[in-house]
Structures are given as C-alpha cells and as structure tokens.
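Tertiary structure, described
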Amino acid sequence: MQLDLKTIEALAPDQASLSAASKLTKRSNWPRLETNEQLGLIWGECQGSGSNPYRVAFDTGDHGYKCTCPSRKFPCKHILGLMWIGATAPASFDRVEQTPDWVNDWLGRRRRPGQPATQAAANSEGKSIDEASRPEQSAPVEDAVAAERREAAQRKRAEDTRSAVAAALDELDQWIADQLRLGLAGFVDACSERCRRIAARLVDLKATALAGRVDELPARLMALRGEEKPDAAIRELGKLVMLAKAWRATPDDPELKRLVSTSETREQVLANPDAVQVESDWEVLGEKIETRRDGLVSHATWLLDLKSPAPRFAVLLDFFPASAGRRSGAFAPGDRFKAKLVFYPSRNPLRALVVERLGDSAPGAWPAFGSDAAGDPLAAYAAFQDGAPWLSDCPVILPAGAIALDEKEGAWWQAAGDPHGIALPVAGSVNQTLLGLELAATAALWNGARLELLASQSNMGRLDLS
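Basis of the calculations
Residues numbered from 1 in each chain as written. Predicted model: local features only at pLDDT ≥ 70, side-chain atom pairs only at ≥ 80, totals over all residues. Heavy atoms only, no water. pLDDT = per-residue confidence, 0-100. Contact = heavy atoms within 4.5 Å. Phe/Tyr/Trp six-rings, centres within 6.5 Å; stacked < 30°, edge-to-face > 60°. Helix = DSSP H or I, 4+ residues; strand = E, 2+ residues; numbered from the N terminus. Buried < 20%, exposed > 50% of the residue type's maximum accessible area, 1.4 Å probe, protein only. Lys NZ or Arg CZ within 6 Å of the ring centre and 35° of its normal. Pairing = 2+ DSSP bridges. Expected span 1.5 Å × (residues − 1). Core = buried A, V, L, I, M, F, W, Y, C linked by side-chain atoms within 4.5 Å. Axes fitted to C-alpha atoms, helices over the stretch in contact; angles between N-to-C directions. Parallel < 35°, antiparallel > 145°, perpendicular 65-115°, else oblique. Left-handed = near helix turned anticlockwise from the far one by under 90°. Nonpolar A, V, L, I, M, F, W, Y, C, P; charged D, E, K, R; others polar. Salt bridge = Lys/Arg side-chain N within 4 Å of Asp/Glu carboxyl O.

Quick word on the confidence of the model for the chain
Scored by pLDDT, the chain comes out at a mean of 86, with 90% of its residues at no less than 70. Across residues 116–120, confidence stays below pLDDT 50; counting only partners more than four residues off in sequence or on other chains, it has seven contacts.

Written out as structure tokens, the structure reads:
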C-alpha cells in the first residue's frame, strides 16, 4: 500500500471533506476492511446513517475510487476515510487474494487491457490534514441552570409532539369513519386523492411515519384485482384503527412511536439495552426497492439466519431521496456472510442494523427448518398478526411446492402433496421458466393477500426471485 497523508490532502475536494473523513477513521465505523496487495486495492464497508453500509474501494496505483454513497463530492468522505486508514493503520485491512464481485464489477467497468493508469488532479491548496486531525474545541462546561433549562425545553417539545400526534390520530379516526359512511366503492375509486389529503394533514401534525403508510395505501390497493380491493381496503383501514388505539394506550412504546411518528437513530438503537443482538451466518434472500409518493426510495434487504433452528429473518431498511438516483446496495441476493446484527425493539423483531461484519460464509443449501405442528405454511403469519395486527409484510418459508398460472394468467404458489390443496396468489408476474419447477423451499413476504417471492431452493440450485 503506497499511501500517505499528503496524497489524501491533495485529493480531498475541500477542507470540510477532510474534517468529515477524519471522523471515519475509527475501526468501529468499518464492519469490513480488506486489501489485495498484489492488485494494489483496498476496499471496505462503512456504516453510514442508513442500515446498509456503503461500499468503498480505492486503487492505490492510479488513485481510482468507488463509493455507493449519494455524495456529490468526489472523492467523498468515505473514500478519504478509507485512504486515511490505509495510510495510518494498514494493519486494519485483512489481506485476501480474492476480490468480491462488486469490486470486480467496478474494475471491469473502469479498466481496459493496455489502458494506462490515470492520475486524478490533485491540489493541496486551502486544505490541511493537520487541521482536520485537530480535535474540536470542547464546548464550555454547561452550568446547572442552563442544563435544567435545556431539559425543560426538551420535555416541552416532547409533550407538544405527543399532543400533535394525538390530534393527528383523532383526525385519522374521523377520516376513516367518513370513508365508511360514504361507502367503500367510492373510497376505492378515489383513494389516491383522499389518502394524499389526510397524509398531508398527518405530516402537519407530526405523525410522519403514519402519513407515509397512508400515502402508500392506494398503491397496495391498485396491485389487486377489482373484486379484491374492497376487502383489502377494509383490512388496511382496520389496521390503521388498531395502530391508533395501540398508540393511545402506550404512546411511549418504541415500536408504536416508530410506526406513527419518528424512528430512532442508529446510536439510540445500539445503546438500547432491550435491543436484541444476534451473531450468526446470514444469507441475503432478496431486495425490495420502492419509490414512494413522498419522493423517497425505500430499500429493504431481507436476510435469513442460517444457524437458527426455526426460520428467523432480518430486514435492513434504508431510505434516500429519489432525486439522488439508484444506489448500489451493500449486499446482493445470494451473498452469505457472518455478522452481528442488532434488532430494533419490537414485538416481532425484524428491522436490524449490521453492528459488525465478521467475514464471508460458505455457500450451500438452506437449513432444513422443521414444519409447524399443524403443517400450515402461514402459521408464522398468524403468530405475526397476533403480536402486532397492524403490521403488513410477514416473511415466511414455504414448504415444497411449485408455481402455476390460472386461466387469467395470474401466478399461484401451489403446495406439493398437500391434501388440502393450499395455493397462494403471487404478486406481479413471474419468469415463465419458473412454471412447474419443483421448489424444495421458498422464501417470500405474505401480506394477507399476495406473496412477494424472494428466493427458492430447487434441484437447479438457489433461485433469486426478488
């Protein structure tokens, strides 16, 4: 590794980037740091504000770089932080001979045989590594009166927020009653406009998370057949009513606050003693990327615990502005890795953060999860709803089965050898090559009306269905 701090200083776009990079030099920010010395490459994964870490790579030979963050500064603070660690603590990098696929993809796009290496323009003027390394001046010691005043202001803001959210839920209840009074047929036909209006009102009253859910309700209904929409509308409105009642009963419940108003920060989750931490081998089942009506993109990465005796799942959830364009995730479907995850406190813990990545895991088939006593493939969904009836998507592992089409070209998952002939409708269209294949096990999300397929095990190996 041929890196020095002067090179980093020269490549940095400005002093602010250098200062931000200096805060990323702690090893705890990087679940993964690796190097291939023969190729002159260093790469890593840096944990940002979202649940998915950013993938960062740097070529020490020609100073080429790659980062999946949405920054408009080049190189970004993550690149500079990776270089900084490479210059000052090279022993932090695990030496490997194989580069991961995402690094190979990047190399394949930027290099052609015989192409000379290019040096990035560098200029140290107006930037200083020494200034960036200097610890920030500590704030003056706050006196007792000022501390009490600040805590009182925080309590006042919390009370104001709670009052505003309570008012928002009152308006939501009244709005739902109005929709039922006017008739479900009219609601289904005009749900887009009606939901947008109440969602805007919920945002005004600080029920931001609930507003996003209401705003996405029309999209959930539009994905269904016409005859299914009234029943689905009743279920969705009923879940909103139950969520409002649960919040009023326990407004300080962290899960309910997360679903109604705002979510915790990464630091708050890590510091929460009730947050469950699990160290295991994980497989990336699939991704679910949706552009929301509020201009955000939600990126959900679903994981399966390969060491759990019963199916256990985790979802890494990230949000970013749609205007930032598509971002590469830290994981690809089929990836296997060892990691410690921390789960957001919940009745059905699913949302998680990667605390520490501990290396890759060997490929192979899924464990043979035992079926429940009743042999019901949706038993997990029933338990999921018992604990939190206001939730929607439940991950399940389905037993052996196959995908078939009905007379209207709708796709169905059909259980194999089931005397009851259970079949579940599949959301969207499916690849024609899947039809009739013997699927030994299938991972999917069930929302009470449709399956969203994630991955399957078959005699052809693992199938990515997301």
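A short note on the packing of aromatic side chains
The description of an aromatic ring pair uses the distance of the two centres, along with the angle that the planes make with each other. Summed over the entire model, instances satisfying the criterion amount to four aromatic pairs. Relative to phenylalanine 187, the ring of tryptophan 175 lies with its centre 5.9 Å away and its plane at 75°, an arrangement referred to as edge-to-face. With a gap of twelve residues between them, tryptophan 175 in helix 6 (residues 144–182) and phenylalanine 187 in helix 7 (residues 184–204) connect regions that are remote in the sequence. Between tryptophan 282 and phenylalanine 343, the ring centres sit 6.5 Å apart and the planes meet at 50°, which makes this aromatic pair tilted. Residue tryptophan 282 is located in strand 6 (residues 277–291), and its partner phenylalanine 343 is located in strand 9 (residues 336–343); the two are separated by 61 residues in the primary sequence. As far as burial versus exposure is concerned, tryptophan 282 and phenylalanine 343 are alike and both buried. In this structure, arginine 351 is placed above the aromatic ring of tyrosine 344, and the distance from its NZ or CZ to the ring centre is 4.4 Å.

Considering the pairing of strand 3 (residues 54–59)
Most of strand 3 sits inside the fold, with six of its six residues counted as buried. Pairing of strand 2 (residues 41–46) with strand 3, which is carried by six bridges, proceeds in the antiparallel orientation. By the bridge assignment, cysteine 46 is partnered in strand 3 with tyrosine 54. Here three bridges tie strand 3 to strand 4 (residues 65–67), and the two strands are oriented antiparallel to one another. The residue of strand 4 that forms the bridge with valine 56 is cysteine 67. In this antiparallel pair of consecutive strands, strand 3 and strand 4, the connection spans five residues, and histidine 63 shows a positive phi of 65°.

As for helix 3 (residues 77–88)
Its twelve residues place the ends of helix 3 16 Å apart at the C-alpha level, agreeing with the 16 Å of an ideal helix rising 1.5 Å per residue. Across the twelve residues of helix 3, nine count as buried, placing the element largely inside the fold. Burial in helix 3 covers these residues: His78, Ile79, Leu80, Gly81, Leu82, Met83, Trp84, Ile85 and Gly86.

Topic: the nonpolar core
Residues Leu172, Phe187, Leu202, Leu285 and Trp366 are the most contacted members of the largest nonpolar core, which totals 73 residues. In terms of residue count, helix 9 (residues 229–249) provides more of this core than any other element does, eight residues in total. Membership of the second largest hydrophobic core comes to 26 residues, among which are Leu24, Phe58, Ile79 and Ala132.

Let's talk about the environment of leucine 437
Inspection of the secondary structure puts leucine 437 in the loop between strand 14 (423–425) and strand 15 (439–446). Assessed through its relative accessible area of 19%, leucine 437 is described here as buried. As for leucine 437 and asparagine 459, which are separated by 22 residues in sequence, their C-alpha atoms are 8.7 Å apart. Apart from the residues lying within four places of it in its own chain, the contact partners of leucine 437 are Gly401, Ala402, Met460 and Leu463.

A short note on the packing of helix 6 against helix 7
Interaxial distance between helix 6 and helix 7 falls to 10 Å at its minimum, and their mutual angle equals 165°. Here helix 6 lies roughly antiparallel to helix 7, going by the angle between them. Here the hand of the crossing between helix 6 and helix 7 comes out right-handed. Contacts between helix 6 and helix 7 involve Ala168, Glu171, Leu172, Trp175, Gln179, Leu180 and Leu182 on the former and, on the latter, Leu184, Phe187, Arg194, Cys195, Ile198, Arg201 and Leu202. Looking at side-chain class alone, the contact of helix 6 with helix 7 contains ten nonpolar, one polar and three charged residues.

Topic: the pattern of salt bridges
According to the stated counting rule, one finds 31 salt bridges in the structure shown. Between arginine 248 and aspartate 170 there is a salt bridge, with its nearest N and O atoms 3.0 Å apart. A residue pair is termed long-range when its members are at least 10 positions apart, and arginine 248 in helix 9 and aspartate 170 in helix 6 qualify at 78 residues. Residue arginine 248 is classed as partly exposed on the basis of its relative accessible area, which comes to 33%.

Some points on unusual backbone geometry
Here the phi dihedral of histidine 63 falls at roughly 65°; this positive angle occurs in a residue that is not glycine. Mapped onto the secondary structure, histidine 63 falls in the loop between strand 3 and strand 4. Assessed through its relative accessible area of 14%, histidine 63 is described here as buried. Phi at lysine 206 is positive, roughly 70°, even though this residue is not glycine. Structurally, the position occupied by lysine 206 is in the loop between helix 7 and helix 8 (208–222). Looking at lysine 206, the relative accessible area reads 39%, which means it is partly exposed.

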